[in-house]
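# Chains, contacts and geometry: an overview
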Amino acid sequence: MGTGTLAPTLKHALLAYATWTILYIFGLLRDFVRNRRGKASFKGYAPIRQDFEDFFTRRIYYRIHDVFNCPVKGPPSAWMDIIERTPVNRQKPLMATGKIKRCLNLGSYNYLGFASSDPYCTPRVLDTLSQHGWSLCSSRADAGTTPVHEELERELASFLGKQAVLTCGMGFATNSVFLPVLAGPGTLVFSDALNHVSIVTGVRAAKGTVRVFDHNDPVHLEQLLRQAMLEGQPRTHRPWKKVIIVVEGIYSMEGEVVDLAGFVAVAKKYKAYIWLDEAHSIGAMGATGRGVCEHLGVSPADIDVLMGTFSKSFGACGGYVAANKDVIDYFMAQCPAHLHATAMTPPAVQMVLSALRLITGADGSDRGAHKLSQLRTNANYFRSRLLHMGFNVLGDWDSPVMPIMIFQLAKLSATSHEMLRLGVAVVVVGFPATPLLTSRMRVCISASHTRQDLDYALQLFDYVATKCDIRDPPLAASNLVFLGPADSPPAGQPLGPPNEWVPLA
Amino acid sequence: MASHMVPAVGEFLPRDALAWVEEIISTAWTTFKPGGRLHPQTFIESKGHLVVEAILLALISYLLFQGRQKPQRRKERPLSKEEVDELCEEWQPEPLVGKLTAAQAARPPHVITAVSGCSVEVDGKPTTSFASTDFLGFSNLEQGRQVCEEAIHKYGVGACGPRGFYGTMDVHLELEAEIARFMGAEEAILYSYDIATISSIIPAFANAKDLIVCDEAVNYSIQTGCSLSRARLLTFKHNDLADLQRVLEKVAAEDKRSRKPLNRRFIVVEGIYASLGDMAPLKELMALKEKFKYRLIVDESLSLGVLGQHGRGAADHFGIPPTAVEIVGASLGTALACIGGFCSGNREMVDHQRLSGLGYCFSASSPPYTAKVTLETFRALREEGPRLRERLAANAAAFRALAAGVPGLRVVGGEAAAASPVVHLQLDPAPETYEEGDLLLERVVAHVLKHHSILLATAKYSSVETRRPPPSIRRVRLRPVLVTALHEPRHLQAATTALTEAMAALRPR
């Protein structure tokens, strides 16, 4: 199981509720004054934002909107240049001040470090660009398929151990548009409670029936499945046509690895199909980067559809589905993304292909293998040190995604500001992306981080944790099961001067 | 009195039996005689009537309830674990995917080995393409290539994160500002893929309480957006303003009766319809929209850069000021020759999507080089747009006129659609079945490619699309021919000649 817990202690829960209550009351007071001054009129139209959305956006989100959407200059590699913006000024948009700061990047999904230019990949990408241009302005089905697309699909299929692969220009659409094609009327889809929004969108768009099972819980799934088998389809009580179980390899907001063996056992017993979303795990998990199947020792043959994205480990954009030949043929004839959407841009296709060749070692070097082992070492080192410092870190060992629980909204923005001031870019997430009480900070480790980078970050984490009071020693200590090697002495060293904002050249 | 009559009756009976009967009768008499314990009068006086009434009441209620008694359902025993196991064991799922139709199976996957304007190489063979939406030929801009190269050196390929989490590059902001300037809107928001653009915009603004009125011929993305929003969905006949007015009036009448709080209302149309190639009559639509207080969502994917004085699309074409249409969504994969999509509107509208547009919040942002190259194509559009648009319109009109002469095919749209470069040809007379027409057109396309080196594309639809109403439109098959500004008269002539020849060769007699 994971190394942390989502459940807040009583203290955290009370404080978090207090924060929300205060924000809410002050929001109401301000709205009261505003309404006295006269409400904006829409001349016969309903307001475009609903009451609560409107209230939330104006009175809560805009207070801390500077911690999101932070613009970046240059590639999102291990260190990146953050563009400074004007401080929050009511609800006015934030403007760039013209200054930048070099920050350590712990926010991007750059697991294998392919975000910046690469001596192997970049020349090949440029080659493809000069040969096929940057867009074919056509769907794959009409006139958007280049030889590079086909090459990638072939090599990816053999890498994943599946018969065929179909790519799509966007990872989100790979779930949201491909899932409805499989889940037609009479299909029962079981979706994990914490599945990504793209999956939720996909199953909502589908004509089949959706049931949600508890997060990562095959036992609950089995109960629901047996119940559904007895009842049959709603109203008609006809037997279901097919059952699809949709799970993710690594849950991006929890960092947890799926209990794949458990789900495969249930799927086999009840003849259900499995759709596995490997967005965060492909290229990041497993000894040779083949994802959670390899990591957990499950045969890819037991998974009916392997889905993944190229915007994380591969440093490009887009997504893929890998399955048996007949399934892919069906997608090619029936999937709207294949029929109507612009084909994936050839340079990105080449980027994925080159990155894939590095990972498999087809380029003739061991750079890919090195990146993979570096990522794992970095991830486990960082996690063990964080746990030692008393953070409540979610997720599993080997997973490069490390959410750190903060619980309280006010601390969320304080932590983010403090981190940015000291030169570390981390992601903070709160409501509505998470439930009210479980605001968190998220760290994504990359193979391109050096040990010095990580130690630098850890020092700052230690300092900020004290300042913002985000440690949770009892929660963390109960989960200390493994200690990574600690080369350098933990905290206590004096902090070096943080990078300063410098004017943009 | 009665007692001395008894011996007369009992002459022939044994003595003790007679005494016994006499006993009974006398007892009965003493009980029932007037003044006796059970004489009706005494009985009633001593509240005995209550007993009678109680009996009657019980009888009446028995009779009353008798009629309502349902046949009692036999309580079923819940299935035991073994029985459930057996049921699960018995169940056989359908295969994960269905079967392909003959036409779908007949579609060969073309590989485009080289592109240069409208001449492409299909599987290594030089061909004239009528299948690309690069209407103005911007996918071959020399500067574009340079800019792209520089951007790849500088930014790498991917953005490695959603816009919210360090996936916002300076180029994305530049591009958003440029789009807003070009569209004459306050702000614009960038999506990383065209098919997820409108389908994210609509659910960001509409939920189960709201109302969407859309044209029945809208594309997949709009259909999905409407169904994801769970809003009440009404459709009107394609481009039929009278029908739209009927729908709007019906809603207005309902409103008067129900007095519900005002909800958000939208009319959704496309600038150029992807599945028909004609244009929405925006001018008249604007009047209706203003009258009934609806917000207008226009998908300008195919019309952006192609129509209008400034190239802003169909609204521009009809001389509608840019801020009059509340929400404009469009693809960047058509005339702007890149990938992605955007939405432009006022600040509140756009800002709301930065929190609620699912395809924006939860997807990796578009690669920085694509943003950079789109900036370049926007520049080209400003500079060369007017000249190219003129040529494009002439080409479109010329092709429509030529195609009208092809026997067995009919051009969809007529006079009103003359400026649209998306030309759909429809089998005329309509085939018996959809499948038959589909297969015939697949063959025609393959024939034209093989013998005339001209690449056309059939209109392909997925079974997940809900075209409304399906039966009437589904009878005929449509085919888009995408005319671009790069085509020369000889290309257009060649295409129609090829089509005529193919139709003659393949059409069933």
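Computed from a predicted model, the values in this text were never measured in an experiment.

This brings us to the interface of chain A and chain B. Opposite the 114 residues of chain A that make contact, chain B presents 111 residues. Connecting chain A to chain B are four salt bridges. A salt bridge links Arg226(A) to Asp85(B), with the shortest nitrogen-to-oxygen separation between them at 2.8 Å. Seen at the junction of chain A and chain B, the total is 41 residue pairs in polar contact (both at pLDDT 80 or more). Top element by residues in the side of chain A that touches chain B is helix α3 (residues 121-132) of chain A. It accounts for seven residues. Here the residues of the side of chain A that touches chain B sort into 66 nonpolar, 30 polar and 18 charged.

Residues and elements named next belong to chain B. Segmentation of chain B into domains returns domain 1 (103-137 + 385-506) and domain 2 (142-381). A C-alpha centroid distance of 26 Å is found between domain 1 and domain 2. Contacts between the two partners involve 26 residues from domain 1 and, on the opposite side, 29 residues from domain 2. Counting across the domain 1 and domain 2 interface gives zero salt bridges. Taken together, the links from domain 1 to domain 2 amount to eight residue pairs in polar contact (both at pLDDT 80 or more). At the level of elements, α17 (368-403) and β12 (422-427) are the ones that each hand at least two residues to the side of domain 1 that touches domain 2. At five residues, the largest contribution of residues to the side of domain 1 that touches domain 2 is made by α17. Across the side of domain 1 that touches domain 2, the residue classes break down as 14 nonpolar, six polar and six charged.

It is worth spelling out the UniProt feature "domain: Aminotransferase class I/classII large" (unreviewed entry) in chain B at this point. In the numbering adopted here, UniProt assigns the feature "domain: Aminotransferase class I/classII large" (unreviewed entry) to residues 130-448 of chain B. For residues 130-448 of chain B, the helix share is 47%, the strand share is 14%, and the end-to-end C-alpha distance is 11 Å.

Residue and element names in this part refer to chain B. Tracing the sequence through the fold places Ala-430 in the loop between β12 and α18 (434-452). Judged by relative accessible area, Ala-430 falls into the partly exposed class, the value being 37%. Along the sequence, Ala-430 and Gly-313 sit 117 residues apart, while their C-alpha atoms lie 32 Å from each other.

With the rule as written, the count across this model stands at eight cavities of 30 Å³ or more. In this structure, the largest cavity spans a volume of roughly 690 Å³. Secondary structure elements with two or more residues in the lining of the largest cavity: α13 (336-340) of chain A together with α11 (220-229), β9 (327-331), β12 and β14 (478-482) of chain B. Class assignment for the residues of the lining of the largest cavity results in 17 nonpolar, 17 polar and seven charged. Residues from two domains meet in the lining of the largest cavity; each of domain 1 (103-137 + 385-506) and domain 2 (142-381) of chain B gives at least three. Empty space within the second largest cavity amounts to approximately 140 Å³. Lining the second largest cavity are 14 residues, and of these Val115(B), Gly117(B), Val120(B), Ser129(B) and Ser132(B) sit closest to its centre.

A full pass over the atoms with the stated rule returns 43 salt bridges over all chains. Among the ionic pairs, Asp118(A) bridges to Arg367(A), the shortest N-O distance being 2.5 Å. Linking Asp118(A) in the loop between β3 (96-105) and α3 with Arg367(A) in helix α15 (residues 367-388), this pair joins segments that are 249 residues apart in sequence. Across the salt bridge formed by Arg140(A) and Glu153(A), the nearest N and O atoms sit 2.9 Å from each other. Highlighted residues: Arg140(A) in helix α4 (residues 140-143) and Glu153(A) in helix α5 (residues 147-160), separated in sequence by 13 residues. By relative accessible area, which is 10% here, Glu153(A) ends up buried. One connected set of salt bridges, linked through shared partners, spans Asp31(A), Arg49(A), Asp54(A), Arg58(A), Arg59(A) and Glu348(B).

Residues and elements named next belong to chain A. Under the defined criterion, the tally for this structure stands at 17 aromatic pairs over all chains. Aromatic pair Phe-52 and Phe-56: ring centres 6.2 Å apart, planes at 35°, arrangement tilted. Remark: Phe-56 and Phe-52 occur in helix α2 (residues 51-60); sequence separation between them is four residues, near one turn of the helix. The exposure class of Phe-52 is partly exposed, given its relative accessible area of 49%. On the basis of relative accessible area, Phe-56 is assigned to the buried category, the value being 7%. Relative to Tyr-456, the ring of Trp-79 lies with its centre 5.8 Å away and its plane at 40°, an arrangement referred to as tilted. Here Tyr-456 lies in helix α17 (residues 451-468) and Trp-79 lies in strand β2 (residues 79-85), a separation of 377 residues in the sequence. Ring-pair connections join several aromatic residues into one group, and the members of that group are Trp-20, Phe-52, Phe-56 and Phe-431. The ring of Phe-114 has Lys-371 sitting right over it, with the charged end atom 4.6 Å from the ring centre. Seen from the ring of Tyr-381, Arg-451 lies directly overhead, with NZ or CZ sitting 3.7 Å from the centre.

Residue and element names in this part refer to chain B. Read from one edge of the open sheet, seven strands run β4-β10-β9-β8-β7-β5-β6, paired in mixed fashion. Every other strand in the sheet has two partners, leaving β4 (187-191) and β6 (232-236) as the edge strands with one partner each. Within the sheet, the average angular offset between the axes of one strand and its neighbour, ignoring direction, is 20°. Across three bridges, strand β8 (residues 295-299) lies against β9 in parallel orientation. Looking at β9, one finds that Ile-297 is bridged to Ile-327.

A few words on the nonpolar core. General note: in soluble globular proteins, nonpolar side chains tend to be found buried as a group. In terms of nonpolar packing, the biggest core is built from 226 residues, with Leu106(A), Ile245(A), Phe382(A), Phe461(A), Val213(B), Val269(B) and Leu282(B) touching the most fellow members. Residues from two domains meet in this core; each of domain 1 (103-137 + 385-506) and domain 2 (142-381) of chain B gives at least three. Leaving out residues up to four positions away in the same chain, Ile245(A) has contacts with Phe190(A), Phe213(A), Leu221(A), Phe263(A), Ala267(A), Ala272(A), Tyr273(A), Ile274(A) and Trp275(A). Grouped together as the second largest cluster of nonpolar side chains are 39 residues, Ala164(A), Val305(A), Ile328(A) and Val464(B) included.

Right, let's talk about the layout of surface pockets for a bit. To find leftover empty space, one rolls a probe the size of a water molecule over the atoms. Taken as a whole, the second largest pocket holds about 760 Å³ of empty space. Around the second largest pocket, the lining is made up of 27 residues, and of these Pro93(A), Leu94(A), Leu173(B), Glu176(B) and Arg354(B) lie nearest the centre. Elements supplying a minimum of two residues to the lining of the second largest pocket: β2 of chain A together with α9 (170-183), β4 and α15 (347-356) of chain B. Counting residues per element, the lining of the second largest pocket draws most heavily on α9(B), which supplies six residues. Class assignment of the residues belonging to the lining of the second largest pocket gives a composition of 14 nonpolar, three polar and ten charged.

So, how was this worked out
- Residues numbered from 1 in each chain as written.
- Chains lettered and ligands numbered in written order.
- Predicted model: local features only at pLDDT ≥ 70, side-chain atom pairs only at ≥ 80, totals over all residues.
- Heavy atoms only, no water.
- Contact = heavy atoms within 4.5 Å.
- Salt bridge = Lys/Arg side-chain N within 4 Å of Asp/Glu carboxyl O.
- Polar contact = N/O pair within 3.5 Å; in protein donor to acceptor, adjacent residues only side chain to side chain.
- Helix = DSSP H or I, 4+ residues; strand = E, 2+ residues; numbered from the N terminus.
- Nonpolar A, V, L, I, M, F, W, Y, C, P; charged D, E, K, R; others polar.
- Domains from an automatic or database assignment.
- UniProt positions renumbered as here; feature names shortened; annotations may be inferred.
- Buried < 20%, exposed > 50% of the residue type's maximum accessible area, 1.4 Å probe, protein only.
- 1 Å grid on protein atoms, 1.4 Å probe; cavity = no way out; pocket = protein on both sides within 12 Å on 5 of 7 lines; lining within 4 Å.
- Points joined across faces, edges and corners; volume = space filled by probe spheres on them.
- Phe/Tyr/Trp six-rings, centres within 6.5 Å; stacked < 30°, edge-to-face > 60°.
- Lys NZ or Arg CZ within 6 Å of the ring centre and 35° of its normal.
- Pairing = 2+ DSSP bridges.
- Axes fitted to C-alpha atoms, helices over the stretch in contact; angles between N-to-C directions.
- Core = buried A, V, L, I, M, F, W, Y, C linked by side-chain atoms within 4.5 Å.

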